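# Breakdown of the fold
The chain contents come next:
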Amino acid sequence: MANVLVIDDEQSICWGLKRLCEGLGHSVTTAPSAEEGLRVVKALPPDLVLLDVRLPGVDGLTAMERMKALAFEAPIIVMTAFGDMKTAVAAVQGGAFEYLLKPFDLAEVRSAITRALRSEPPSAATPAPSLHGEMIGDTAEMQALFKQIALAASARANVMLQGESGVGKELAARAVHRHSANSSAPFVAVNVAALSPTVAESELFGHVDGSFTGASRTRAGLLARAHGGTLFLDEAGDIPMPLQVKLLRAIEEGEVLPVGADRTTPARFRVITATHQDLLSQVQAGEFRHDLYFRISAFQIAIPPLRERADDIPLLAQHFLSLSESSEKPIALASETLAELKRRPWRGNVRELRNAIEHAQVLARSGTILPEHLPAPQPWLGAAEAETADARLSDVSVRRAEELLDDPEAFGTVYSRLLGEVEGPLLARAMAKYDNECAPAARALGLHRTTLKRKLTEHGQQS
Ligand SMILES: Nc1ncnc2c1ncn2[C@@H]1O[C@H](COP(=O)(O)OP(=O)(O)OP(=O)(O)O)[C@@H](O)[C@H]1O
């Protein structure tokens, strides 16, 4: 049996946690404030503290600091209903055993208490420098994301960020780096899809003077430049197969062999990858090496699309307004504008919202932003139409999948054949719509231009 101290000003929470802990066979003391909790800690140090962040008077994070200063070493589980990035990272860096978001999932609380009392190591531990929150959002989805970022920052594991285009994957990668112990080392961002296939190897791994036509001087590659810090690989699904082997070796050995060199160069870094694709199905389709996948996906973070956290839209919109350098800032967003912003599907996510606010700001000049100042919604399908189209497409796909799966000749290629059959017409339609211009077609498809060009070539279409 352990002694547990619950510090929370909400009586109902204290009551619920007391019952839970007593049910686990522990004895519980409750305190409605940090001051009262600190008195208990000094008088009769408990085996575990459950500590709320927002408290009247001294807040929970300061209380945790004071407990640590008293050389109090028992685990502390921090709880909050208002988790922003700063709080999440401060809790993790301050040595919290676990960081729980309210409202609680009881099974999660029970598991945290049991692990804490077994003195298993906390899910994150190494200290890192202090920081500022820079990703905006206060929905439960964003709070959970901040927690994941804080945990990733305090560990050394490679991180894979998944999410649609424009959700904030690069911002999240930068946050992981900035809040990590290596924040003063380089953060090198590489958009893999933008690398021309002919120079990708020398760009990534470097080359020595004269190693190929045009290599007039020895140049360090991007991997070597990330030494000691973080290598951010955007659109990781586009890493060409031959380079995947070389990249895996570099990650495993902490060194690279520049093109034409006979000696390796140190390149030890944390890899953060971002992808909007389902990399695992690429692995299953044989388009991405499984060993590299497992190497780079130790800690996976999914960033939800903006439409699934629409309550963040007003905050984000205000944030983008405040970033404006114009002296004639519009002072407010009309309530109808906010309603319209929350109604839109934002398939281009935060990037599309940011562009819309910048556009509206130019039109509104000063004063209030009205709905007519917003750009027309992007021509995505409306929700109802999309649902019908999705249903039709899925019926056709099911029928075609059945045919291919029954066809012995298609055995081993079903996946790529079916996707190829959809991809070809899609690309052709997009190119026709944009007068054969790759740039707008790629933007509409949510692909990088280079990726689109490559896919057009694969389908024997002109770009
Ligand atoms: N939570 C957020 N708070 C503030 N700004 C954000 C947030 N999320 C995204 N942004 C902004 O939205 C834009 C797009 O973000 P970012 O480039 O990180 O997205 P991405 O997911 O990496 O996009 P892509 O997949 O197209 O590379 C940037 O201007 C970024 O600053």
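Residues numbered from 1 in each chain as written. Predicted model: local features only at pLDDT ≥ 70, side-chain atom pairs only at ≥ 80, totals over all residues.

The protein appears in an unreviewed UniProt entry as DNA-binding transcriptional regulator NtrC from Pseudobythopirellula maris. Database annotation for the protein, UniProt heading Subcellular location (unreviewed entry): "Cytoplasm". (UniProt positions renumbered as here; feature names shortened; annotations may be inferred.)

Moving on: the overall build of the protein. Counting its secondary structure elements, the protein contains 19 helices and 16 strands. Out of the 463 residues in the protein, the part that is buried amounts to 34%. For the protein, long-range pairs separated by at least 24 residues make up 72% of all intrachain contacts whose partners lie at least 6 apart in sequence. (Helix = DSSP H or I, 4+ residues; strand = E, 2+ residues; numbered from the N terminus. Buried ≥ 20, exposed ≤ 12 C-beta atoms within 10 Å, placed from the backbone. Contact = placed C-beta atoms within 7 Å.)

Right, let's talk about helix 2 (residues 34-43) for a bit. Among the residues of helix 2, Ala34, Gly37 and Val41 are the ones counted as buried. Viewed end-on, helix 2 has its buried residues packed into an arc of 60 degrees, placing them on one side of the element. For helix 2, the exposed residues lying more than 90 degrees away from the buried face are Arg39, Lys42 and Ala43. Looking at the packing, one finds that the buried side of helix 2 touches strand 1 (3-7), strand 2 (27-31) and helix 3 (60-69). (Arc of directions from axis to C-beta.)

Turning next to the sheet that holds strand 7 (residues 187-191). Strand pairing in a sheet relies on backbone hydrogen bonds, with the paired strands running either antiparallel or parallel. Here five strands make up an open sheet; going across it, the order is 7-10-13-6-14 and the pairing parallel. Edge positions in the sheet fall to strand 7 and strand 14 (299-302), since each of these pairs with one other strand and no more. Averaged over all adjacent pairs, the angle separating strand axes in this sheet is 15 degrees, with direction ignored. Pairing analysis gives five bridges linking strand 10 (residues 230-234) to strand 13 (residues 270-275), with the strands arranged parallel. (Pairing = 2+ DSSP bridges. Axes fitted to C-alpha atoms, helices over the stretch in contact; angles between N-to-C directions.)

In this structure, Thr413 sits in the loop between helix 16 (383-406) and helix 17 (414-433). For Thr413, a count of 14 C-beta atoms within 10 Å gives the class partly exposed. Placed 128 residues apart in sequence, Thr413 and Ala285 show a C-alpha to C-alpha distance of 8.4 Å.

Bringing the site of the ligand into the picture now. Lining the immediate surroundings of the ligand are 19 residues, of which Ile136, Gly168, Lys169, Glu170 and Val350 lie closest. Elements supplying a minimum of two residues to the shell around the ligand: helix 7 (169-178), helix 13 (313-323) and helix 15 (349-364). Classifying every residue of the shell around the ligand gives seven nonpolar, seven polar and five charged. (Near = placed C-beta within 6 Å. Nonpolar A, V, L, I, M, F, W, Y, C, P; charged D, E, K, R; others polar.)

It is worth spelling out the confidence of the model for the protein at this point. Confidence along the protein averages 85 in pLDDT terms, with 89% of residues attaining 70 or more. Summarising per-element confidence for the protein, the mean pLDDT is lowest in helix 16 (66) and highest in strand 6 (residues 159-162) (97). Per-residue pLDDT stays below 50 along residues 120-133; that stretch engages in 29 contacts with residues further than four places along the chain or on separate chains. Listed scores for the predicted complex are pTM 0.64 and ipTM 0.98. (pLDDT = per-residue confidence, 0-100.)

Time to look at the packing of helix 4 (residues 85-93) against helix 6 (residues 140-154). For any two helices packed against each other, one specifies the crossing angle of their axes together with the interaxial distance. Running from N to C, helix 4 and helix 6 cross one another at 40 degrees; their axes reach a closest spacing of 8 Å. Judged on the interaxial angle alone, helix 6 and helix 4 are oblique. The element helix 4 and its partner helix 6 pack so that their crossing is right-handed. Seen from helix 4, the contacting residues are Met85, Ala88, Val89, Val92 and Gln93; seen from helix 6, they are Phe146, Lys147, Ile149, Ala150, Leu151, Ala153 and Ser154. (Parallel < 35°, antiparallel > 145°, perpendicular 65-115°, else oblique. Left-handed = near helix turned anticlockwise from the far one by under 90°.)

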